[in-house]
Amino acid sequence: METDENIAHNGDVFLHRLKQLTDDDMKLLESQNTRIIHEAKAAKLDREAKRHWDIFYKRNETKFFRDRHWTTREFQELINFDSEQQVVFLELGCGVGNMIFPLLEEGFSNFYFYACDFSPRAIDFVKSNKLYNECRVKAFCADLTTDDLFENVTKNVADIASLIFVLSAINPNMWAHVASVAYKALKPGGVLLFRDYGRYDMAQLRFKPGHKISENFYMRQDGTRSYYFTEEELANLFTQAGFEILSNTYVQRRTVNFKEGINVPRIFVQGKYKKPESKEAS
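Residues numbered from 1 in each chain as written. Predicted model: local features only at pLDDT ≥ 70, side-chain atom pairs only at ≥ 80, totals over all residues. Heavy atoms only, no water.

Enquirer: So, the pattern of salt bridges: which residues are in play, and what are the values?
Expert: Per the stated rule, a full pass over the model turns up 9 salt bridges. Between E74 and R195 there is a salt bridge, with the nearest N and O atoms lying 3.9 Å from each other. Note that E74 is positioned in helix α4 (residues 71-74) and R195 in strand β7 (residues 186-197), a separation of 121 residues in sequence. No difference in accessibility class separates E74 from R195, as the two residues are buried. One salt bridge in this structure joins E215 and K212, with 3.0 Å as the shortest N-O distance. (Salt bridge = Lys/Arg side-chain N within 4 Å of Asp/Glu carboxyl O. Helix = DSSP H or I, 4+ residues; strand = E, 2+ residues; numbered from the N terminus. Buried < 20%, exposed > 50% of the residue type's maximum accessible area, 1.4 Å probe, protein only.)

Enquirer: Before we move on, can you summarise the pairing of strand β4 (residues 111-117) with the specific residues and values?
Expert: Counted residue by residue, β4 has 6 buried out of 7 residues, so it is predominantly covered. Two elements, strand β3 (residues 87-92) and β4, share 6 bridges in a ladder whose sense is parallel. Across the sheet, V87 pairs through a bridge with F111, a residue of β4. Since β3 and β4 lie parallel, the crossover through helix α5 (residues 100-105) that links them has a hand, and here it is right-handed. Of the strand pairs in this sheet, β4 and strand β5 (residues 137-141) are connected by 5 bridges, and their pairing is parallel. Its bridge partner being in β5, Y114 is matched across the sheet by K138. (Pairing = 2+ DSSP bridges. Right-handed = clockwise from strand over helix to strand, strands pointing away.)

Structure representation (structure tokens):
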């Protein structure tokens with residue numbers, strides 16, 4: 001019997017269908033519509049996005065996000081290189097380096113890393129990490145909703161780029177530009193690795209009235225924002241930017257922390273998008 005589910009060794013479930021909402025889920029989503037964020041406040045959140053993330057990193061420093069030791073398991077593209085081949089990796093929205101530093105710890109001596117974020121404080125934390133070495137890493141500030149990136153990175157330079165829990169924090173009106181920036185930065189044949197929040201994730205259902213900006217787009221308590229994607233939205237976005245879809249799916253998993261008594265279901269979206277070999281960046 002055929003199924004659209006694929007269960008990984010770690011228990012993650014990869015599938016191509018939306019979570020089926022319960023009556024309680026529907027009530028939670030409906031209650032969010034009783035108080036929507038006013039357009040003027042939404043516009044202010046957009047203007048002050050950098051400031052909110054800078055305050056976030058001032059408050060949490062490097063302690064909030066865990067290092068992403070799972071990336072080589074989920075993205076075989078990171079290890080499918082000859083050890084003698086020089087590889088350029090570009091992390092779009094690097095935060096405090098939770099992806100690049102685990103890779104540096106694991107070796108990856110043939111990789112050169114570019115890491116950008118639009119929070120100056122986040123970049124300061126990257127540069128102050130004991131593993132930061134300018135011979136192997138270049139960290140810099142860039143706003144992905146502009147062309148700032150290309151002040152530090154040439155077009156067609158990256159073998160691999162990543163957007164890991166980044167696009168959800170950006171106004172949906174700017175997604176096409178962000179996808180275009182990623183496309184231009186990659187070499188023909190290069191691959192964009194993607195992971196972010198999926199539609200009807202537990203975190204989406206938990207938002208109270210007064211936090212919804214627009215459909216599936218929310219403000220957190222600290223002023224940062226989060227969108228919850230469908231796989232169809234992402235397929236359309238990256239296809240229109242010129243990418244070929246290698247994979248694009250929901251990932252269901254449980255976040256477990258026995259010490260803190262946490263055991264909750266999560267939904268993410270994960271994709272791999274390739275810049276065609278035959279096309280040049282515009």
